[in-house]
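Descriptive analysis of the structure
Listed below, chain by chain, are the residues.
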Amino acid sequence: MAKFLTLIAALGIGFGVSAASAQSMTVTSADLKEGATIANEQVFNSFGCKGANVSPALNWSGAPSATKSFALSIYDPDAPTGSGFWHWVVFNIPAATTSLPEGAGDPKAKSMPKGAIQSRNDYGFDGYGGPCPPTGDKPHHYQITVFAVDVDKLPDAKDKNVSAAVVGFDLHFHTLAKATLTGMYGR
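Read on for an overview of the structure.

Reading guide: rules and limits
- Residues numbered from 1 in each chain as written.
- Predicted model: local features only at pLDDT ≥ 70, side-chain atom pairs only at ≥ 80, totals over all residues.
- Heavy atoms only, no water.
- Helix = DSSP H or I, 4+ residues; strand = E, 2+ residues; numbered from the N terminus.
- Pairing = 2+ DSSP bridges.

A few words on unusual backbone geometry. At N53, a residue that is not glycine, the phi angle is positive and equals roughly 55°. One non-glycine residue, K110, adopts positive backbone phi at about 50°. Mapping K110 onto the fold places it in the loop between β5 (99-100) and β6 (117-118).

Below, the structure written as structure tokens:
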């Protein structure tokens, strides 16, 4: 059995996620191309950064037919924290949603689909917080990931005060497929 599980892991096959559905899901943005530098419009406006802090427009497609909701995160694995940095976490996005407009990360704009929850980022507030790596650091990778989820509502993530870790815990057990778009930013 151990050899079988090792083989499955080596082939990248997960229980509950077919290789075909995982490969067919995509996320794109009119505001960012894969591997490109993130525009100043999306950069944070604090911590020494002078951006506009506007979340990018996002579109996704190819989710499995069993998808009941979506979640979204922007994560910087290069942040000098020992655990990365969560810039945006959104969950319980209705399954009929396949895009978010530019600026949807501002909770005051109320442009999220009904039922979607923007939780606390690592800056300490709910909604989008753009890139702002330390001056002189190499450019950081900002991973924008959309998750196709097998439940309407995540079971443990209840409101905007939940941490990214709890959302990640729920997503570990409820992700059908995911797609990632990575942007770069340094200063």
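Spatial ordering of the open sheet is given by β1-β2-β5, a layout of 3 strands whose pairing is antiparallel. Every interior strand has two partners, whereas the edge strands, β1 (26-28) and β5, have only one. The sheet contact formed by β1 and strand β2 (residues 58-61) spans 3 bridges and is antiparallel. In the sheet register, T28 faces β2, and the bridge partner there is N59.

Taking strand neighbours across the sheet as the criterion, the 5 strands line up as β6-β4-β3-β7-β8 in an open arrangement whose pairing is antiparallel. Two strands bound the open sheet, and with one partner strand each, they are β6 and β8 (175-185). Note that strand β3 (residues 69-76) and strand β4 (residues 85-94) share 7 bridges and pair antiparallel. Residue pairing in the sheet places L72 in a bridge with V90 of β4.

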